[in-house]
Amino acid sequence: MHASSRFQGRSAGLGLALLSAFAFGGSGVAAKPLIEAGLDPLHVVWLRVAGAALIMLPVAWRHRNLVRERPALLAGFGLFAVAGVQAFYFASISRIPVGVALLVEYLAPALVLGWVRFVQRRPVTRAAAVGVVLAVGGLACVVEVWAGLSFDLLGLLLALGAACCQVGYFVLSDHGGQDGRPGDGAEPPHPVGVIAYGLIVGAAVLTVVARPWGMDWALLGGSAGMNGNEVPAWLLLGWIVLLATVLAYVTGVVSVRMLSPQVAGVVACLEAVIATGLAWVLLGEHLSAPQLIGGFVVLTGAFIAQSAAPKPPSGPVAAGAGTGAVAGPVEDELSHGRAPH
């Protein structure tokens with residue numbers, strides 16, 4: 001009886017993890033037509049984050065104690081994992097293919113390990129070093145370095161900026177966790193509450209940066225081209241806010257609780273595959289065989305790197321990239337370190 005219940009629970013958790021990966025993977029595919037229709041990438045980011053923040057307001061109110069207990073964690077998640085990653089990612093997909101931009105972000109585990117080894121001067125395992133080498137080598141295939149970087153250099157740098165923002169979140173989370181709370185018997189902050197406040201902080205920051213009052217709101221009443229087909233702009237926006245943000249995060253958090261963070265992290269790696277596949281079918285963004293092989297190597301290296309990353313003695317430390325894993329009581333449940341793509 002118990003074995004059957006556990007099997008059903010793991011099956012449901014696996015289904016939710018797959019749904020979360022699919023939902024996250026579709027964000028760039030839905031956002032790119034809006035950007036190409038004339039909306040500024042920062043405005044699309046603001047619409048996404050502000051819309052999701054409004055929906056999550058009741059959750060934020062329920063967990064309002066987090067503002068007093070974990071202000072640094074909330075600020076870090078909102079500034080880096082929400083505002084920073086989103087702004088850089090959406091700006092990058094306006095110049096390079098969605099799949100390439102997302103794969104570049106998978107350098108984040110390598111960057112995290114670099115921070116651990118060279119800044120914190122903590123040892124890393126040989127397996128972690130192998131993962132870093134694989135990730136960097138695979139990325140070289142993705143961007144086709146032998147052709148002199150086939151893609152827009154600025155677009156690649158913007159995608160790398162998104163990866164760096166995740167490392168910034170790692171650093172802030174690391175310091176924010178070293179306040180004595182993990183060992184004093186207090187319960188870790190609720191992950192959905194952290195997500196809700198992260199969205200609110202991100203929306204506030206993006207409001208100042210994006211200045212949405214200057215946006216051409218009439219574009220949302222029109223349509224956007226998706227590989228030769230016209231799609232209502234409001235439908236794409238709803239996809240980004242409801243499916244690619246709210247649904248993606250909630251199902252991701254629940255799946256981690258039903259599975260282990262490690263298993264959920266493996267499933268989360270499918271986000272890059274899903275994003276590339278959706279971009280291929282819906283946007284006509286085809287990748288060459290070397291790029292596809294390189295993408296597989298990047299994901300393999302990212303998974304090895306994040307799985308082998310050493311855990312800190314205390315506090316939450318992100319050890320993942322675009323959809324990579326994280327270590328720590330809070331980030332294990334923050335959909336394995338995923339920044340909402």
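Quick note: structure is the one above.
Residues numbered from 1 in each chain as written. Predicted model: local features only at pLDDT ≥ 70, side-chain atom pairs only at ≥ 80, totals over all residues. Heavy atoms only, no water.

> Looking at this structure, how should I read the overall build of the protein?
Within the protein one finds 15 helices and two strands. The burial tally for the protein puts 55% of its 341 residues in the buried class. In the protein, once contacts between residues fewer than 6 apart in sequence are set aside, the share between residues at least 24 apart is 83%. (Helix = DSSP H or I, 4+ residues; strand = E, 2+ residues; numbered from the N terminus. Buried < 20%, exposed > 50% of the residue type's maximum accessible area, 1.4 Å probe, protein only. Contact = heavy atoms within 4.5 Å.)

> I tried to follow helix 6 (residues 71-93) on my own but got confused; where do I start?
The end-to-end C-alpha distance of helix 6, which contains 23 residues, comes to 31 Å, matching closely the 33 Å that a straight helix rising 1.5 Å per residue would cover. Largest kink in helix 6: about 30 degrees, centred on Val85. (Expected span 1.5 Å × (residues − 1). Bend = angle between axes of the 7 residues up to and from the residue.)

> Would you mind going over a nonpolar patch on the surface with me for this structure?
On the surface, a cluster of nonpolar side chains totalling about 310 Å² of accessible area is made up of Leu14, Leu18, Leu270 and Val273. Of all the elements in the fold, those that place two or more residues in the nonpolar patch are helix 1 (2-25) and helix 14 (270-283). (Patch = residues over 30% accessible without salt bridge, like charges linked within 9 Å, V, L, I, M, F, W, Y side chains within 5 Å. Areas by Shrake-Rupley, 256 points an atom, 1.4 Å probe, with all protein chains shown as cover. Salt bridge = Lys/Arg side-chain N within 4 Å of Asp/Glu carboxyl O.)

> Just to check I follow, could you spell out unusual backbone geometry for this structure?
For residues other than glycine, phi is negative in most cases, and the peptide bonds are mostly trans. Residues other than glycine seldom take positive phi values, yet Arg211 does so here, at roughly 50 degrees. Locating Arg211 in the fold gives a position in the loop between helix 11 (191-210) and strand 1 (223-226). With a phi close to 55 degrees, Asn227 is a non-glycine residue in the positive phi region. Look at Asn227 and you get partly exposed, because its relative accessible area is 46%.

> Which parts of the structure should I look at to understand the packing of aromatic side chains?
In this description, an aromatic ring pair is defined by two values, namely the gap between the centres and the angle between the planes. Counted under the stated rule, the structure contains four aromatic pairs. On the numbers, 6.1 Å between centres and 90 degrees between planes, the contact of Trp46 with Trp217 is edge-to-face. With Trp46 in helix 3 (residues 41-55) and Trp217 in the loop between helix 11 and strand 1, the pair connects residues that are 171 residues apart, well separated along the chain. We classify Trp217 as partly exposed; its relative accessible area is 44%. Among the aromatic residues, those joined into a ring-pair cluster are Phe24, Phe77 and Tyr249. The cationic tip of Arg64 hangs over the ring face of Trp61; the distance from NZ or CZ to the ring centre is 4.2 Å. (Phe/Tyr/Trp six-rings, centres within 6.5 Å; stacked < 30°, edge-to-face > 60°. Lys NZ or Arg CZ within 6 Å of the ring centre and 35° of its normal.)

> I tried to follow the nonpolar core on my own but got confused; where do I start?
Generally speaking, nonpolar side chains in soluble globular proteins are found buried as a group. Residues Val44, Phe77, Tyr89, Phe90, Ile93 and Leu199 are the most contacted members of the largest nonpolar core, which totals 80 residues. Sort the elements by how many residues they give to this core and helix 6 lands first, with ten residues. In this view, Ile93 contacts Gly28, Ala31, Lys32, Ile35, Val98 and Ala101; residues no more than four positions away in its chain are not counted. Counting five residues, the second largest nonpolar core, distinct from the first, contains Val116, Val167, Phe170 and Val171. (Core = buried A, V, L, I, M, F, W, Y, C linked by side-chain atoms within 4.5 Å.)

> Looking at this structure, how should I read the pairing of strand 2 (residues 229-232)?
Within a regular strand, the side chains alternate between the two sheet faces. As paired strands, strand 1 and strand 2 are joined by four bridges and run antiparallel to one another. What sits directly across from Ser223, in strand 2, is Pro232. Hairpin remark: strand 1 followed by strand 2, antiparallel, with two residues in the connecting loop; positive phi at Asn227, about 55 degrees. (Pairing = 2+ DSSP bridges.)

> It is not clear to me how the pattern of salt bridges should be interpreted in this structure. Could you clarify?
As a working rule, side chains carrying opposite charge can pair if their charged atoms are close by. Scanning the entire structure with this criterion turns up three salt bridges. A salt bridge links Glu285 to Lys32; its shortest N-O distance comes to 2.5 Å. Of this pair, Glu285 sits in the loop between helix 14 and helix 15 (289-308) while Lys32 is found in helix 2 (residues 27-36), placing the two residues 253 residues apart along the sequence. Close ionic contact of Asp152 with Arg95 constitutes a salt bridge, the shortest N to O distance being 2.9 Å. With Asp152 in the loop between helix 9 (126-142) and helix 10 (153-177) and Arg95 in the loop between helix 6 and helix 7 (98-105), the pair connects residues that are 57 residues apart, well separated along the chain. Judged by its relative accessible area of 42%, Arg95 falls in the partly exposed class.

> Which parts of the structure should I look at to understand the packing of helix 3 against helix 12 (residues 233-258)?
Their axes nearest at 9 Å, the elements helix 3 and helix 12 cross at an angle of 55 degrees. When the axis of helix 3 is compared with that of helix 12, the two are oblique. Here helix 3 runs over helix 12; the crossing is right-handed. In this structure, helix 3 uses Val44, Leu47, Arg48, Gly51, Ala52 and Ile55 to contact helix 12, whose residues at the interface are Leu237, Ile240, Val241, Leu242, Ala244, Thr245 and Val246. (Axes fitted to C-alpha atoms, helices over the stretch in contact; angles between N-to-C directions. Parallel < 35°, antiparallel > 145°, perpendicular 65-115°, else oblique. Left-handed = near helix turned anticlockwise from the far one by under 90°.)

> Just checking my understanding: could you explain helix 12 for this structure?
The α-helix advances 3.6 residues per turn, and as a result positions three or four apart in sequence lie on the same side. If you check helix 12, its first and last C-alpha atoms are 35 Å apart, about what 26 residues at 1.5 Å a residue would give, namely 38 Å. At Ala248, helix 12 shows its largest bend, some 35 degrees.

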